[in-house]
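# Close look at the chain arrangement
Below are the chains, spelled out letter by letter.
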Amino acid sequence: MATVKATETEETQKADAPKKRAKRQIMEGRVFIKASFNNTIITVADLQGNVVAWSSSSKAGFKGSRKSTPYAAQIAADALVKDCVDRFGFKSVRVQVKGPGPGRESALRALETAGLRVLSIQDVTGIPHNGCRDPKKRRI
């Protein structure tokens, strides 16, 4: 009888243990860089568009006006690439850059120096089709 109780407790312990998830292997993906004047946000997705990981200058630990520097964007991109390569095995990416911020070039450079193969770079910054109305003329 003692052996029966021992096996029952072993079975319940095995059932309570969390199941290990299979490690996803993603060889190619997309990187979206949004460089505003205040921050740089970098997102990594697979080819279907599912977001896998993201980082930003503020997530890298920069605050205030230091978030908008090229160095902050470089640090954020480095951390993101190391994470993605370790967790998912990324080898090559296609990059889409949006916005006029100072972090766009340095984030791109960080992707290449970290070991990712950049297949294409596309600028998807919005262009105003006539834009906002001009302020009225000053009368002095």
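In this numbering scheme, every chain counts its residues from 1 along its sequence in written order. Only residues with pLDDT of at least 70 get local features here, since the model is predicted, and only at 80 or more are side-chain atom pairs given and counted; chain-wide, interface and lining totals rely on the full set of residues. Just so you know, side-chain values use all the structure's heavy atoms and leave hydrogens and water out.

### Considering the pairing of strand 2 (residues 40-46)
Among the seven residues that make up strand 2, six are buried, leaving the element largely enclosed by the rest of the structure. In terms of strand pairing, strand 1 (residues 28-35) meets strand 2 through seven bridges, oriented antiparallel. Across the sheet, R30 pairs through a bridge with A45, a residue of strand 2. The turn joining strand 1 and strand 2, which pair antiparallel and follow one another in sequence, is formed by four residues. Two strands are counted as paired when DSSP detects at least two bridges linking them. Numbering of helices and strands runs from the N terminus, with a helix taken as a DSSP run of H or I at least four residues long and a strand as a DSSP run of E at least two residues long. With five bridges joining them, strand 2 and strand 3 (residues 51-56) adopt antiparallel strand pairing. Bridge pairing in strand 3 places V44 opposite A53. Here the term buried applies to any residue with accessible area under 20% of the maximum for its type, exposed to any over 50%, and partly exposed to those in between, with areas from a 1.4 Å probe on protein chains only.

### Overview of the nonpolar core
One broad rule of soluble globular proteins: the nonpolar side chains tend to lie buried together. The definition of a nonpolar core used throughout is a set of buried Ala, Val, Leu, Ile, Met, Phe, Trp, Tyr and Cys residues joined through side-chain atoms within 4.5 Å. Counting 23 residues, the largest nonpolar core has V31, I33, I42, F90, V95 and L111 as the members making the most contacts within it. Those elements giving two or more residues to this core turn out to be strand 1, strand 2, strand 3, helix 2 (70-88), strand 4 (92-98) and helix 3 (104-113). For this core, the element with the most residues is helix 2, which contributes seven residues.

### Quick look at the pattern of salt bridges
Salt-bridge detection follows one rule: a side-chain nitrogen of Lys or Arg within 4 Å of a carboxyl oxygen of Asp or Glu. Within this structure, the stated rule accounts for three salt bridges. When the shortest N-O distance is used, the salt bridge between R94 and E28 registers 3.1 Å. Of this pair, R94 sits in strand 4 while E28 sits in strand 1; the two residues are 66 residues apart in sequence, bridging distant segments of the chain. Residue R104 is joined to D123 by a salt bridge in which the shortest nitrogen-to-oxygen separation is 3.3 Å. Of this pair, R104 sits in helix 3 while D123 sits in strand 5 (residues 117-123), and the two are 19 residues apart along the sequence. The exposure class assigned to R104 is buried, which follows from its relative accessible area of 19%.

Structural measurements only, silent on function.
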